[in-house]
Amino acid sequence: MALEVYRWTQHLCAEDRRFALYENGVMPFMLSVSAEHLQRFKQLLVEENPRPGCSPLTWDQLKSARCGELVHLLTEYFPGQRAWEMARDIFAKMNQTELCLQTQRELNEILPNLEPEALSLRKRELTLEEDESDKIREYKARVMSEHSTLWDRTSWPGNNVDFFYQEPCREDTLLQCLLLPRKPQGRQPKTVVLQGDAGVGKTTMAKKVMQQWAENKFYAHKGWLAFYVHCQEMDRPEEQSFSELIACKLSGSPALASRILSHPEHLLLLLDGFEELTLTLIDRREDLSEDWSQKMPGSVLLTSLLSKRMLPDATIIVFLRFSLWKTVGPFLNSPSLITLMGFSAPERSRYFRSYFKNRRDAVAALRFAMGNAVLFSMCRVPVICWLVCSCLKQQMERGSSLPRAFPNATAVFIHYLSSLLPTKVRHVVGETPQEQLKRLCSLAVEGMWKNQWVFSEMDLKLARLDDRDVEVFLGVRVLRRAVAGGDLIAFAHPSFQEFFAALLFVLCFPQRLRNFQVLDRFRIFQLLAHPGRRKNHLAGMALFLFGLLNDTCALAVEQLFGCKVSLGNKRKLLKVATMPPDGDPLTPQHGLPQLFYCLHEIREEVFVGQILHNHRKALLVISKIRDLQVSAFCLKFCRQLRELEVTISWAIAKATSLSPGPLPSPQPEGSDLRSLWWQDFCSVFKTHESLEVLTVRDSVMDTEAVETLAAALRHPHCNLRKLIFKRVGSLVVSEGIIRVLVENQYLRHLEIQDTEVGCQVIDALCNTLKHPWCFLQFLSPYSVRWFFILKVVWRISVERRLEGCPFDPTNGADLTRSLKRNIHLKTLMLRRGSLERGEECPPVLAPQLERLSLENCDLTPLSCESLAFSLVSNQSLTHLSLAENALQDDGVKQLWNILQHFPCPLQRLVLRNCALTSECCQDIASALDKNKTLRSLDLGANRLRDSGVVLLCQPLLNPDSGLQVLELEECQFTSVCCPALTSVLLHNRTLRYLDLSGNGVGLQGAKLLQDAALKRVLRPEVVLYVPPLRLTFGCTCNR
């Protein structure tokens, strides 16, 4: 079992994720070059001649260069496309064909934007005196001393006797790729943002950069001078210059600092600690300064550095939390973004195995953690991973059931944080533990509402935390000092602040606290505002609040914290969460609703069911494995759900085996867990009788996942009526999905957009359409790969136009016969297709069709003539759209003849943008004069001009004219035809809607039309579109 768990976690770290962080960096494939081949590459590279006027590369520069640094050297010494050509030629000499192809492919991709020159090698030489060089060496020695014992001196929360630090295995790769030249210009970024959640190792990474720089291992060829600057160093009441700040780091050497800052191209700045910033960045660029020697407020100094107003040639690396991007991002100049993810799934697995010495315990703990995807996701943060392991180990040693002790992620924090407090907090003389705990919670919640993570002495006083309280919480490492020796205080980890803030709202009688803010409707909507911690800094607090309201967790709070609990806010949450918030509805880009995560955390079926019972529509983006578990849990309780739109992104497809690709053998245990969550997700189609619409968009799945979905849709209790696929993988629309059309007798609507479909699926569709139990009424394949479906409507020869599409021409005829035998299909919509221009085709319009749309399908005049003859025998078709086909006047001539001389039920005809001219308007007028069933005609975007419009107006003057809608947008006419249009408005009794927009009728023509419309007496109201206004006379009528 341990091997199965290990294989699953290894599978989560798929090969294609290796370079995900560097997808915008050039030559990421260099990272896959083996050490032996990399050494050979260097040996061949040193023999090449660089650009004229530059000294050649030396072996000293190359021998210790890692992959990322080697890319730098290539792009600097061989500027522009020469770098790629050089790499390709060297790989060719090494017989590395695949690497040659990757190099050429990337060059072709970025060549249009590739800058002809890379960063200049002719930097101004930074010449240092001997004593200055000695000070630099002293500075490097001090940096190495400060950071060499980083792991031993890191202050982790709680009793860290059993704590150990495990370095993420990708850190070394990340370090060398931080400053990779970026696409598409192939230029090194001057500003890099390394962003991630709190605790994933951003500051650790900054310290490691400094350490490697001091050891001449970080881009040694650059000759940089690196400085780590914590934002608190600039957040001071007194003004200071940047040269003074740098001089302090050089042991008080202003002359050396000035010399260095005079050569900013040699400067590497690492800016960290933005979450502890209390100053406000400056919006007005004119208030900034470029003078690094000038004293200025900290806000001006920091903003000047970030915006590159000061030291524009310096290289800056910014370390930032996701939640602070909205604050800091707007001030950055063309930043390159890299995400630091923390522990990958295999690294979390390795941590569990290392922590638990007993193999059986390690497997049991890991399986439990993986069973709660939210909790396992939290373990990406190293300290939280240790925290979880510590709590699980304690319960296992007591023989407790892990699921019973920890019903959710919140329970883990209850057990851990309560273990920190009893010995030192509860024995303070003269106070109850509740009073001290409530003051701590008050501090936390005030910070959360203000998005404040560090607290001043004044903040502590407002929360009534005195020095004794602070020292107690510092001693148990619930709090920490934001800067060593400073006055600012912060919680040891942001999740602790989120937890204690939520705890305040379940404690009894919290209103006794000064400045307490009741949890009202506004605050609840704040907590549930946006999904995900990256967009809403209150997301963690919301998760803990719902978790604490779980009955098991509430009991644990009373027992472990010794505090009375009130569930009054649970009733408020129930009342407010059932009401949709004001504002725009969620879009697919939002991911899962934050409410779903919160309800998954509370884990109480009655409570969840009351909130979700009346939800009618859900839009879900499943981009992480936890999204799958959470959505599967919550959808079960959406009993009135009618419409579900889901996106399974590429990331989740890879991570959860919902995408093409070989799986490890034997099947890993974890995949059974994921399959169970996917089956739970799909089970809603069996259990929710009201669910009628499913839209799957921008998704990929493997065969097994698709079959699970198809089996659910084929279930006898599935009442789905509409099935829509938009931009899905080639395996999603499968034969199993097509069989749903027969086995699910409720399904009436199938729509497929921008999706490649194989020949076997087309064969399956043919067989399905002629099946007597197929009741499909609406078929709409929009993709260009589906254009041969049009043989349903016409037998058209398929020859040269079927480029790149594996299609047997006999399939078209089969599909045609299938359609004829299917008496239920009422609507067929085809777009962005292509038909062969050429031989004549007999009319085979299916007699049962009521709506047919063939827009932008390369129809020809010959095709239109065949269709026109089909209308003679068709007594069902009421809506026909041939828009965006170059039919021309000759193509539609036979169509007008049929409408003029034969009875036809057609009510709406769309010929927008069909290359028509005024020459066809006499035929149109004759048809309108004789045909009384046509109600709506769209002739927009055709060159009808004034003469054509005048002809069209003549039949509309007849008292028995039946036309109600006429659209003449952008038909290139002027005010010359306005008198004719005016007569129509005055005398026509049926016209409801007239669109004349996009034509040059001018103000005089518009005024003439307006006056005529106002004079309509005892006639239906008309909606008149005349540039530049929309004029409505009477009540607006719907078309």
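Keep in mind that what you see is a predicted model, and the values were worked out from it rather than measured. (Residues numbered from 1 in each chain as written. Predicted model: local features only at pLDDT ≥ 70, side-chain atom pairs only at ≥ 80, totals over all residues. Heavy atoms only, no water.)

Enquirer: What exactly am I supposed to notice about the overall build of the chain here?
Expert: The helix and strand tally for the chain stands at 44 helices and 23 strands. Counting the 1039 residues in the chain, one finds 58% classified as buried. Taking contacts inside the chain between residues at least 6 apart in sequence as the whole, the part at least 24 apart equals 79%. Summed over its atoms, the accessible surface of the chain is roughly 43,400 Å², and 50% of this surface lies on carbon and sulfur atoms. (Helix = DSSP H or I, 4+ residues; strand = E, 2+ residues; numbered from the N terminus. Buried < 20%, exposed > 50% of the residue type's maximum accessible area, 1.4 Å probe, protein only. Contact = heavy atoms within 4.5 Å. Areas by Shrake-Rupley, 256 points an atom, 1.4 Å probe, with all protein chains shown as cover.)

Enquirer: Help me understand the packing of aromatic side chains, please; the structure alone is not making it clear to me.
Expert: To describe a pair of aromatic rings, you give the distance between the ring centres and the angle between the ring planes. For the coordinates displayed, the defined rule picks out 20 aromatic pairs. A centroid spacing of 6.2 Å and a plane angle of 40° characterise the contact between Y416 and F496, whose relative ring orientation is tilted. Taken together, the residues Y416 in helix α19 (residues 409–420) and F496 in helix α24 (residues 494–503) connect sequence positions 80 residues apart. In terms of burial, Y416 and F496 fall into one category: buried. Among the aromatic side chains, those forming a connected cluster through ring pairs are F413, F455, F491, F499, F500, F544 and F561. The cationic tip of K140 hangs over the ring face of W213; the distance from NZ or CZ to the ring centre is 5.0 Å. Above the plane of the ring of W449 lies R523, whose end atom (NZ or CZ) is 4.2 Å from the centre. (Phe/Tyr/Trp six-rings, centres within 6.5 Å; stacked < 30°, edge-to-face > 60°. Lys NZ or Arg CZ within 6 Å of the ring centre and 35° of its normal.)

Enquirer: I'm lost on unusual backbone geometry in this one. Help?
Expert: A negative phi holds for most residues other than glycine; trans holds for most peptide bonds. The backbone phi angle of R477 is positive, close to 65°, even though this residue is not glycine. Within the element layout of this structure, R477 appears in the loop between α23 (467–475) and β7 (479–481). On the accessibility criterion, R477 (28% relative accessible area) is partly exposed. Positive phi values are uncommon outside glycine, yet Q888 reaches one of about 65°. Checked against the element boundaries, Q888 lands in helix α40 (residues 888–901).

Enquirer: So what exactly am I meant to see when it comes to the nonpolar core here?
Expert: Buried together is how nonpolar side chains tend to be arranged in soluble globular proteins. Within the largest apolar cluster, 292 residues are counted, with the highest numbers of intra-cluster contacts made by F242, F274, F352, F500, F681 and F685. The element best represented in this core is helix α17 (residues 382–397), accounting for 9 residues. Counting residues in hydrophobic clusters, the runner-up holds 34 residues, among them V26, F29, L70 and M86. (Core = buried A, V, L, I, M, F, W, Y, C linked by side-chain atoms within 4.5 Å.)

Enquirer: Can you help me understand the environment of S299 in this one?
Expert: Along the chain, S299 turns up in helix α12 (residues 298–306). Sequence separation between S299 and R236 is 63 residues; the distance between their C-alpha atoms is 9.3 Å. Not counting chain neighbours up to four residues away, the residues in contact with S299 comprise L279, T280 and I282.

Enquirer: What am I meant to see in the sheet that holds β7 here?
Expert: Strand pairing within a sheet occurs via backbone hydrogen bonds; the two strands may be parallel or antiparallel. Pairing is antiparallel across the open sheet formed by 3 strands, whose spatial order is β6-β8-β7. Lying at the two open borders of the sheet, with one neighbouring strand each, are β6 (454–455) and β7. Looking at chain direction, β7 and strand β8 (residues 489–491) are connected through 3 bridges and run antiparallel. Its bridge partner being in β8, R480 is matched across the sheet by A490. (Pairing = 2+ DSSP bridges.)

Enquirer: What's the story with the packing of α19 against helix α26 (residues 539–548) in this structure? I'm lost.
Expert: When two helices pack together, their arrangement is given by the angle between the helix axes and by the axis-to-axis distance. Between α19 and α26, the least distance of the axes is 8 Å, while the angle of their chain directions is 85°. With respect to α26, the element α19 is oriented roughly perpendicular. Side by side, α19 and α26 meet where T410, F413 and I414 of the first sit next to L543, F544, G547 and L548 of the second. For the contact of α19 with α26, the residue count by class is 5 nonpolar, 2 polar and no charged. (Axes fitted to C-alpha atoms, helices over the stretch in contact; angles between N-to-C directions. Parallel < 35°, antiparallel > 145°, perpendicular 65-115°, else oblique. Nonpolar A, V, L, I, M, F, W, Y, C, P; charged D, E, K, R; others polar.)

Enquirer: What should I look at first to understand the pattern of salt bridges in this one?
Expert: Opposite charge on two side chains makes pairing possible when the charged atoms of those side chains draw close. One pass over the structure, following the stated rule, counts 33 salt bridges. Note that R481 and E471 form a salt bridge whose closest N and O atoms lie 3.2 Å from each other. Of the two residues, R481 sits in strand β7 while E471 sits in helix α23, which places them 10 residues apart along the sequence. Between K570 and D551 there is a salt bridge whose closest N-O contact spans 3.5 Å. With a gap of 19 residues between them, K570 in helix α28 (residues 568–577) and D551 in helix α27 (residues 551–561) connect regions that are remote in the sequence. (Salt bridge = Lys/Arg side-chain N within 4 Å of Asp/Glu carboxyl O.)

Enquirer: Help me understand the confidence of the model for the chain in this model?
Expert: Should pLDDT be low for a region, the predicted coordinates there are not to be read in detail. In this model, the chain carries an average pLDDT of 80, and 79% of its residues clear a pLDDT of 70 or more. Scored below 50 in pLDDT, residues 1–20 makes 44 contacts in the model with residues more than four places away or belonging to other chains. Segment residues 783–813: pLDDT under 50, and 82 contacts once partners within four positions in sequence are set aside and those in other chains are kept. (pLDDT = per-residue confidence, 0-100.)

Enquirer: Quick question: what am I supposed to make of the environment of P979 here?
Expert: By secondary structure assignment, the location of P979 is in helix α43 (residues 978–987). With relative accessibility at 44%, the residue P979 sits in the partly exposed group. The spacing of P979 and C953 is 26 residues in sequence and 10.0 Å in space, taken between C-alpha atoms.

Enquirer: Can you walk me through the sheet that holds strand β2 (residues 225–230) in this structure?
Expert: Spatially, β2-β3-β4-β1-β5 is the arrangement adopted by the 5 strands of the open sheet, whose pairing is parallel. In this open sheet, the two strands that pair with only one neighbour each are β2 and β5 (336–339). When strand polarity is set aside, the average angle formed by the axes of neighbouring strands in this sheet is 20°.

Enquirer: I'm lost on the pairing of strand β4 (residues 315–321) in this one. Help?
Expert: Every other side chain in a regular strand lies on the same face of the sheet, so the side chains alternate between the two faces. For β4, a buried count of 7 out of 7 residues is recorded, marking the element as mostly surrounded by other parts of the structure. Of the two faces of β4, the one lined by T315, I317, F319 and R321 and the one lined by I316, V318 and L320 are each fully buried. Where strand β1 (residues 191–196) lies against β4, 6 bridges are found, and the strand directions are parallel. In the sheet register, L194 faces β4, and the bridge partner there is F319. Here strand β3 (residues 267–272) pairs with β4 via 4 bridges, running parallel. Paired with L270 across the two strands is I317, which belongs to β4. Taken together, β3, α12 and β4 constitute a β-α-β crossover, and its handedness is right-handed. (Right-handed = clockwise from strand over helix to strand, strands pointing away.)

Enquirer: Would you take a moment to explain α19 for this structure?
Expert: Residue pairs spaced three or four apart in an α-helix point in one direction, given the helix's 3.6 residues per turn. Taking burial as the measure, the 12 residues of α19 include 11 buried ones, the bulk of the element. Taken together, the buried positions of α19 are occupied by A409, T410, A411, V412, F413, I414, H415, Y416, L417, S418 and L420. The backbone nitrogen of T410 has a side-chain oxygen 3.3 Å away, supplied by the residue at the start of α19, namely N408. (Polar contact = N/O pair within 3.5 Å; in protein donor to acceptor, adjacent residues only side chain to side chain.)

Enquirer: When you look at the environment of A373 in this model, what are you seeing that I'm missing?
Expert: Following the sequence through the fold, A373 ends up in helix α16 (residues 373–378). When near neighbours in sequence (up to four residues on either side) are disregarded, A373 contacts I625, R626, Q629 and W677.

Enquirer: What's the story with the state of the cysteines in this structure? I'm lost.
Expert: Should the sulfur atoms of two cysteines be covalently bonded, the bond is a disulfide. Throughout the structure, instances matching the rule amount to 0 disulfides. Left without a disulfide partner, C391 is nearest to the cysteine sulfur of C389, which lies 9.6 Å away. The class of C391 is buried, set by a relative accessible area of 3%. (Disulfide = S-S within 2.5 Å.)

Enquirer: I would appreciate a short explanation of the side chain of E132 in the present structure.
Expert: Note that E132 resides in helix α7 (residues 130–148). By relative accessible area, E132 is classed as buried at 7%. Polar side-chain contacts of E132 include one of 3.0 Å to the side chain of R259.

Enquirer: Quick question: what am I supposed to make of the packing of helix α14 (residues 345–355) against helix α15 (residues 359–371) here?
Expert: Running from N to C, α14 and α15 cross one another at 145°; their axes reach a closest spacing of 8 Å. Handedness of the crossing formed by α14 with α15: right-handed. Contact residues: α14 offers S349, F352 and R353, while α15 offers A362, A365, L366 and A369. (Left-handed = near helix turned anticlockwise from the far one by under 90°.)

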